[in-house]
Amino acid sequence: QDDANTRPNLQGGALLMFINASPNTSAATFKVGSATVTGVELKVGTVDARLKQAVIPKADLAARVTIQVTSGSETATLPNTLIAANQAHFVIYYGGDRVAIVSAKLSQSGMRIFNAVATEGASAKNGAITYSVGPEADAGLNGVRAKQALAYGTSSDFIYHTGSTW
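Residues numbered from 1 in each chain as written. Predicted model: local features only at pLDDT ≥ 70, side-chain atom pairs only at ≥ 80, totals over all residues. Heavy atoms only, no water.

## Thoughts on the overall build of the chain
We count it as follows: Strands here mean DSSP runs of E at least two residues long; helices mean DSSP runs of H or I at least four residues long; both are numbered from the N terminus. Burial classes: relative accessible area under 20% of the type maximum marks a residue as buried, over 50% as exposed, and values in between as partly exposed (1.4 Å probe, protein chains only). In what follows, residue pairs with any heavy atoms lying within 4.5 Å of each other are defined as contacts.
Counting its regular elements, the chain contains zero helices and twelve strands. In the chain, the order of α-helices and β-strands from amino to carboxyl end is β-β-β-β-β-β-β-β-β-β-β-β. Residue burial in the chain is summarised as follows: out of 166 residues, 30% are buried. Within the chain, contacts between residues at least 6 apart in sequence are counted, and of these 47% link residues at least 24 apart.

As structure tokens, this is what we get:
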């Protein structure tokens, strides 16, 4: 790290941060390329900025990777994923077969809203992979609309950038 209060020095690699956003699962194991992180839990009612994280070295970024999350007997897979250098990538497990990745340049800051509300029993296919689908939702924070028709498994743009007031 540059120091205790700044972002890590990636040296051309990529920062991965792992989020278990499923209230009905046990601790999850995330596998992304050469990185494996275990024991990622959802902690309801707490705010903890110390997310479990890993740095993918620059040498491992040449090929697309498969993201796999396992929690109990459930496994979610996101194939053919590009992990870009010098960026932060949030890998979010929504439970069941639902996993997504949201990426940002390290210079970006602010808040994002994720749509993790699946439609019970609804699914679609991408090749051999079957995945859950869900409704679109209008998303906002503090009465400010961040995104209209936010699709399931996606996020809004950054809102409340550094310097913005609440």
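## Topic: empty space enclosed by the protein
Under the convention used in this document: Lining residues are those with an atom within 4 Å of a point, where the points come from a 1 Å grid over the protein atoms alone and group into cavities, where a 1.4 Å probe fits but cannot get out, or pockets, open sets with protein on both sides within 12 Å along at least five of seven lines. Grid points are joined across faces, edges and corners, and a volume is the space filled by probe spheres set on the points. When residues are grouped by polarity, Ala, Val, Leu, Ile, Met, Phe, Trp, Tyr, Cys and Pro land in nonpolar, Asp, Glu, Lys and Arg in charged, and all others, Gly among them, in polar.
In the structure shown here, the tally under the stated rule is one cavity of 30 Å³ or more. If you add up the space inside the largest cavity, you get close to 40 Å³. Around the largest cavity sit Val32, Gly33, Ser34, Ile56, Asp60, Leu61, Val65 and Ile83, which together line it. Of the residues that constitute the lining of the largest cavity, the class distribution is five nonpolar, two polar and one charged.

## Section: the sheet that holds strand E6 (residues 74-81)
Strand-to-strand pairing in sheets goes through backbone hydrogen bonds, with the strands running parallel or antiparallel. Threshold: DSSP-based pairing: two strands are paired if at least 2 bridges between them are found. Here the axes come from fitting lines to C-alpha atoms, over the contacting stretch only for helices, and the angles between their N-to-C directions go from 0 to 180 degrees.
If you walk across this open sheet you meet the four strands as E3-E2-E5-E6, and the pairing is antiparallel. Unpaired on one side and paired on the other, strand E3 (35-40) and E6 mark the two borders of the sheet. Between one strand axis and the next, the sheet turns by 10° as a mean value, whatever way the strands run. For strand E2 (residues 28-32) and E3, the ladder comprises four bridges, and the chain directions are antiparallel. Directly across from alanine 28, in E3, lies its bridge partner valine 40.

## Topic: unusual backbone geometry
Although it is not a glycine, asparagine 80 sits at a positive phi angle of roughly 55°. Residue class for asparagine 80 comes out exposed when judged on its relative accessible area of 53%. Although it is not a glycine, alanine 149 sits at a positive phi angle of roughly 55°. Exposure remark for alanine 149: the relative accessible area of 31% places this residue in the partly exposed category.

## Notes on the pairing of strand E12 (residues 144-150)
Consecutive side chains along a regular strand alternate between the two faces of the sheet. In the sheet, strand E11 (residues 137-141) pairs with E12 via four bridges, with the strands oriented antiparallel. Within E12, the position partnered with alanine 139 by the bridge is lysine 147. Where E11 hands over to E12, the hairpin turn is made up of two residues, of which asparagine 142 adopts a positive phi near 55°.

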